[in-house]
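Take a look at the letters that make up each chain.
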Amino acid sequence: MSLTVEPSHRRPADTPADPAASQPARPVVSAARWGGRVVAWLVILTSLAALTVAVLVPRLGGATPYEILTGSMRPGLPPGTLVVMKPAGPRDIGVGSVVTYQLRSGDPTVVTHRVVEVRQSLAGEVEYVTQGDANPVADENPVRIEQVKGTLWYAVPHIGRVNQVVNGDQ
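In what follows, the accompanying structure is described. (Residues numbered from 1 in each chain as written. Predicted model: local features only at pLDDT ≥ 70, side-chain atom pairs only at ≥ 80, totals over all residues. Heavy atoms only, no water.)

1. Quick word on the overall build of the protein chain
- Within the protein chain, the regular secondary structure consists of two helices and seven strands.
- Going residue by residue from the N terminus, the α and β elements of the protein chain occur as α-β-β-β-β-β-β-β-α.
- Residue pairs in contact within the protein chain that sit at least 24 positions apart in sequence constitute 52% of those at least 6 positions apart. (Helix = DSSP H or I, 4+ residues; strand = E, 2+ residues; numbered from the N terminus. Contact = heavy atoms within 4.5 Å.)

2. Some words on the nonpolar core
- Counting eight residues, the largest nonpolar core is built from Ile93, Val99, Tyr101, Val111, Val115, Tyr128, Val143 and Val148.
- Of all the elements in the fold, those that place two or more residues in this core are strand S3 (98-102) and strand S4 (110-120).
- The residues touching Ile93, leaving out its near neighbours within four places in the chain, are Ala88, Val99, Val115, Tyr128, Ile145, Val148 and Thr151.
- Judged by nonpolar contacts, the second largest core, of seven residues, contains Ile68, Val83, Met85 and Val98. (Core = buried A, V, L, I, M, F, W, Y, C linked by side-chain atoms within 4.5 Å. Buried < 20%, exposed > 50% of the residue type's maximum accessible area, 1.4 Å probe, protein only.)

3. A few points about the packing of aromatic side chains
- Going through the model one piece at a time under the given rule, you end up with one aromatic pair.
- Here the aromatic rings of Trp153 and Tyr154 are separated by 5.2 Å at their centres, their planes lie at 65°, and the arrangement is edge-to-face.
- Trp153 sits in the partly exposed class, given a relative accessible area of 40%. (Phe/Tyr/Trp six-rings, centres within 6.5 Å; stacked < 30°, edge-to-face > 60°.)

4. Re the pairing of strand S2 (residues 82-86)
- In terms of residue burial, S2 counts as a mostly covered element, since four of its five residues are buried.
- Where S2 lies against strand S7 (residues 148-156), five bridges are found, and the strand directions are antiparallel. Directly across from Met85, in S7, lies its bridge partner Leu152. (Pairing = 2+ DSSP bridges.)

5. Re the side chain of Asp107
- With respect to the helices and strands, Asp107 occurs in the loop between S3 and S4.
- Polar contacts involving the side chain of Asp107 include one to the side chain of Thr109, which spans 3.1 Å. (Polar contact = N/O pair within 3.5 Å; in protein donor to acceptor, adjacent residues only side chain to side chain.)

6. Digging into the layout of surface pockets
- Of the volumes computed, that of the largest pocket is approximately 240 Å³.
- The wall of the largest pocket is formed by 15 residues, among which Glu67, Leu69, Val110, Val111 and Thr112 lie closest to the centre.
- When residues of the lining of the largest pocket are traced back to their parent elements, those giving at least two are strand S1 (64-67) and S4.
- Per-element tally for the lining of the largest pocket: the top contributor is S4, with four residues. (1 Å grid on protein atoms, 1.4 Å probe; cavity = no way out; pocket = protein on both sides within 12 Å on 5 of 7 lines; lining within 4 Å. Points joined across faces, edges and corners; volume = space filled by probe spheres on them.)

7. Digging into the pairing of S7
- With three bridges joining them, S3 and S7 adopt antiparallel strand pairing. Within S7, the residue paired with Val99 across the bridge is Thr151.

8. What about the pattern of salt bridges?
- A complete count under the given rule lists four salt bridges for this structure.
- Notably, a salt bridge pairs Arg144 with Glu146, separated by 3.2 Å at the nearest N-O pair.
- With a relative accessible area of 38%, Arg144 lands in the partly exposed category.
- Here Glu146 falls in the exposed class, since its relative accessible area comes to 54%. (Salt bridge = Lys/Arg side-chain N within 4 Å of Asp/Glu carboxyl O.)

Laid out in structure tokens, this is it:
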């Protein structure tokens, strides 16, 4: 009867000699992959910053953002442009000013057009004749100061659609 004894310093064949080899291998992140991640984060952070400037800052500054919905102000303010309107009084509005105004008192519908003439009504009130940049003729009805929501502070192309999703219809 022969008895074979295995020395204690030997390991079974299925046990690796190096304990680190039993750990799953970590994926190696290439420079291109790492660079792609950095670029993706920069795009995300830049987009969030742009949205903050375009949508939240106006609210904090007392201004109101609106989206241009029609082509009447092309080419400078095409549909989808976010226009931020700051409150304005009669001294702030002149020929060339871009204003957003209510069509009728109590009606939430607003129009953004350029002032082409400032005049006085027969009652002595200041009136503004407005016209869309792409329109061949001035708007039919003059605008009174009570109708004006504000004058153009700044505009950001294409961000108006995002503003509408965030704030709803305006």
